[in-house]
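Structural features, examined
Residue strings, one per chain:
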Amino acid sequence: GAVVSQHPSRVICKSGTSVKIECRSLDFQATTMFWYRQFPKQSLMLMATSNEGSKATYEQGVEKDKFLINHASLTLSTLTVTSAHPEDSSFYICSAALIQGGGYTFGSGTRLTVV
Amino acid sequence: GQNIDQPTEMTATEGAIVQINCTYQTSGFNGLFWYQQHAGEAPTFLSYNVLDGLEEKGRFSSFLSRSKGYSYLLLKELQMKDSASYLCAVRPPNDYKLSFGAGTTVTVRA
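It should be emphasised that the depicted structure is a prediction, and the values quoted were computed from it without experimental measurement.

Conventions adopted
- Residues numbered from 1 in each chain as written.
- Chains lettered and ligands numbered in written order.
- Predicted model: local features only at pLDDT ≥ 70, side-chain atom pairs only at ≥ 80, totals over all residues.
- Heavy atoms only, no water.
- Helix = DSSP H or I, 4+ residues; strand = E, 2+ residues; numbered from the N terminus.
- Buried < 20%, exposed > 50% of the residue type's maximum accessible area, 1.4 Å probe, protein only.
- Pairing = 2+ DSSP bridges.
- Axes fitted to C-alpha atoms, helices over the stretch in contact; angles between N-to-C directions.
- Core = buried A, V, L, I, M, F, W, Y, C linked by side-chain atoms within 4.5 Å.
- Contact = heavy atoms within 4.5 Å.
- Phe/Tyr/Trp six-rings, centres within 6.5 Å; stacked < 30°, edge-to-face > 60°.
- Lys NZ or Arg CZ within 6 Å of the ring centre and 35° of its normal.
- Disulfide = S-S within 2.5 Å.

Topic: unusual backbone geometry
Along the chain, His7 of chain A connects to Pro8 of chain A via a cis peptide bond; the corresponding omega equals -5°. Assignment of secondary structure puts Pro8 of chain A in the loop between β1 (4-7) and β2 (10-13). At Glu77 of chain B, a position not held by glycine, the phi torsion is positive, near 50°. Residue classification places Glu77 of chain B among the exposed residues on the basis of a relative accessible area of 53%.

Structural data, given as structure tokens:
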């Protein structure tokens with residue numbers, strides 16, 4: 001089946017630094033990738049939608065200059081958290097829409113801790 | 001906009017049945033998904049309903065009534081490994097964005 005590989009699974013970074021999270025579609029082409037953030041005991045909150053070859057669409061309240069999304073190819077989308085702060089500590093998950101079948105496949109998630 | 005409601009927590013005994021309700025008020029509808037999520041892991045797909053009625057998949061079943069904006073996920077013969085969060089998500093028409101409910105944490109006790 002369709003698999004999205006997400007790396008890293010865990011990352012600890014210092015406040016003020018940047019962290020890049022990668023999501024790769026292994027056996028299909030992901031035209032559209034969704035990026036979610038999930039705080040403890042809360043649901044998934046959509047941050048942005050990335051489309052291959054075009055600018056990402058950000059949800060209201062999400063700073064596009066802080067959360068940089070790049071979807072340069074049909075198999076790779078990246079989220080870079082710039083100038084990270086402790087409040088950015090969260091679980092970040094990517095998800096690809098499967099055009100055929102109408103379902104979605106999720107990456108395994110990245111636990112980001114900013115110290 | 002999207003408004004999706006589901007209970008916060010449910011507790012049940014091993015071997016029992018639990019029904020998780022989800023009500024939605026959304027601007028358009030093009031399918032409802034149920035996902036299971038264990039702590040610290042990504043969601044895994046359980047079911048998809050786009051037409052009214054019951055979809056059965058082994059121990060899990062999902063029901064949809066579009067006129068009532070209502071769905072439920074039925075978990076039968078509960079096992080300890082079913083302890084997880086269950087997320088209801090709705091897809092609008094002409095868009096692939098999903099809107100998620102807050103999730104229902106199910107705790108299965110021996």
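Structure's up, so let's keep going.
Focus on the sheet that holds strand β8 (residues 76-81) of chain A
Residue and element names in this part refer to chain A. Pairing is antiparallel across the open sheet formed by four strands, whose spatial order is β1-β3-β8-β7. Among the strands making up the open sheet, the edge pair consists of β1 and β7 (67-73). Pairs of neighbouring strands in the sheet enclose a mean axial angle of 15°, with direction left out of account.

So, the nonpolar core
Across soluble globular proteins, nonpolar side chains have a tendency to be buried as a group. Judged by nonpolar contacts, the single largest core of 25 residues is most densely connected at Met33, Trp35, Phe67, Leu79, Tyr92 and Leu112 of chain A. Of all elements in the fold, only β2, β3 (19-25), β4 (32-38), β5 (45-51), β7, β8, β9 (90-97) and β11 (110-114) of chain A reach the threshold of two or more residues within this core. Once residues within four sequence positions are removed from consideration, Leu79 of chain A is found in contact with Val19, Lys20, Ile21, Trp35, Phe67, Leu68, Ile69 and Tyr92 of chain A. Formed by 20 residues, the second largest nonpolar core is a distinct cluster that contains Ala12, Cys22, Ala84 and Val106 of chain B.

Here we look at the side chain of Arg59 of chain B
Mapped onto the elements, Arg59 of chain B comes out in the loop between β6 (53-57) and β7 (60-65). In this structure, Arg59 of chain B is in contact with Leu74, Leu75, Lys76, Glu77, Leu78, Gln79, Lys81 and Asp82 of chain B, ignoring residues within four places of it in sequence.

Brief notes about the packing of aromatic side chains
Remark: the centre distance and the inter-plane angle together describe each pair of aromatic rings, the angle taken between the planes. Taken as a whole and assessed by the stated rule, the structure comprises 16 aromatic pairs over all chains. Consider the rings of Phe106 of chain A and Phe100 of chain B, whose centres lie 6.4 Å apart with planes at 70°: the pair is edge-to-face. Of this pair, Phe106 of chain A sits in strand β10 (residues 104-106) while Phe100 of chain B sits in strand β10 (residues 99-100), which puts the two residues in different chains. A connected cluster of aromatic rings, assembled from ring pairs, spans Phe34, Tyr36, Tyr104 and Phe106 of chain A together with Phe33, Tyr35, Phe45, Tyr48 and Phe100 of chain B. Stacked on the ring of Phe67 of chain A, the Lys or Arg Lys66 of chain A has its end atom at 5.9 Å from the ring centre.

Some words on the state of the cysteines
Put plainly, a disulfide is one covalent bond tying together the sulfur atoms of two cysteines. With the rule as written, the count across this model stands at two disulfides over all chains. One disulfide in the model links Cys23 of chain A with Cys94 of chain A; its S-S distance is 1.8 Å. The sign of the -95° torsion about the S-S bond sets the Cys23 of chain A-Cys94 of chain A disulfide as left-handed. Note that Cys23 of chain A is positioned in strand β3 and Cys94 of chain A in strand β9, a separation of 71 residues in sequence. Accessibility expressed as a relative area gives 0% for Cys94 of chain A, which makes it buried. Note on cysteine connectivity: Cys22 of chain B is disulfide-linked to Cys88 of chain B, with sulfurs 2.0 Å apart. Looking along the S-S bond of the Cys22 of chain B-Cys88 of chain B disulfide, the torsion reads about -65°, which is the left-handed sense. Remark: Cys88 of chain B occurs in strand β9 (residues 84-90) and Cys22 of chain B occurs in strand β3 (residues 18-26); sequence separation between them is 66 residues. Of all cysteine sulfurs in the structure, the one in Cys23 of chain A sits closest to Cys13 of chain A, which takes part in no disulfide; the separation is 17 Å.

A look at the sheet that holds strand β8 (residues 70-75) of chain B
Residues and elements named next belong to chain B. Ordered by their spatial adjacency, five strands build an open sheet running β1-β3-β8-β7-β6, and the pairing between neighbours is antiparallel. Strands with a single pairing partner mark the edges of an open sheet, and in this sheet they are β1 (2-5) and β6. Each strand axis lies, on average, 15° off the axis of its neighbour in the sheet, ignoring direction. Sheet topology places β6 next to β7; five bridges connect them, and they run antiparallel. Note that in β7 the partner of Leu54 across the bridge is Phe63.

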